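Chain by chain, the residues:
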Amino acid sequence: MNCTIEGCPGQYEERQIAHTVRRNGQVVVIDHVPAEVCSVCGDVLLKPDTVRRIEALLQTASEPAGTAPLYEYA
Ligand SMILES: [Zn+2]
């Protein structure tokens with residue numbers, strides 16, 4: 001599929017990404033999320049099913065599979 005960013009000649013490719021969301025002011029990372037990523041500009045598309053699955057995951061508030069170091073840029 002062609003990239004939706006105007007003027008970008010890239011194509012979306014199926015990849016697994018680390019998706020970051022903010023919940024209650026906290027950064028939450030979900031790893032290995034299937035996404036379409038543009039090979040040129042890096043634009044990310046998530047399927048509606050994937051978004052629903054992420055929301056469901058966050059709502060279960062189960063124990064995370066792991067923790068990641070969090071750094072503040074400034
Ligand atoms: Zn693009």
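A brief report on the enclosed structure follows. Owing to the predicted nature of the structure, the values given are computational and were not obtained by experimental measurement.

Within the fold, E36 resides in strand 2 (residues 26–38). Looking at E36, the relative accessible area reads 19%, which means it is buried. Not counting chain neighbours up to four residues away, the residues in contact with E36 comprise Y12, E13, E14, D43, V44, L45 and K47.

On a regular strand, one side chain projects to one face of the sheet and the next to the other, so that they alternate. One ladder, built from 11 bridges, connects strand 1 (residues 12–23) with strand 2; its direction is antiparallel. Paired with R15 across the bridge in strand 2 is A35. Counted along the chain from strand 1 to the antiparallel partner strand 2, the turn is 2 residues long, and its residue N24 has a positive phi close to 50°.

Each value, and the rule that gives it
- Residues numbered from 1 in each chain as written.
- Predicted model: local features only at pLDDT ≥ 70, side-chain atom pairs only at ≥ 80, totals over all residues.
- Heavy atoms only, no water.
- Helix = DSSP H or I, 4+ residues; strand = E, 2+ residues; numbered from the N terminus.
- Buried < 20%, exposed > 50% of the residue type's maximum accessible area, 1.4 Å probe, protein only.
- Contact = heavy atoms within 4.5 Å.
- Pairing = 2+ DSSP bridges.

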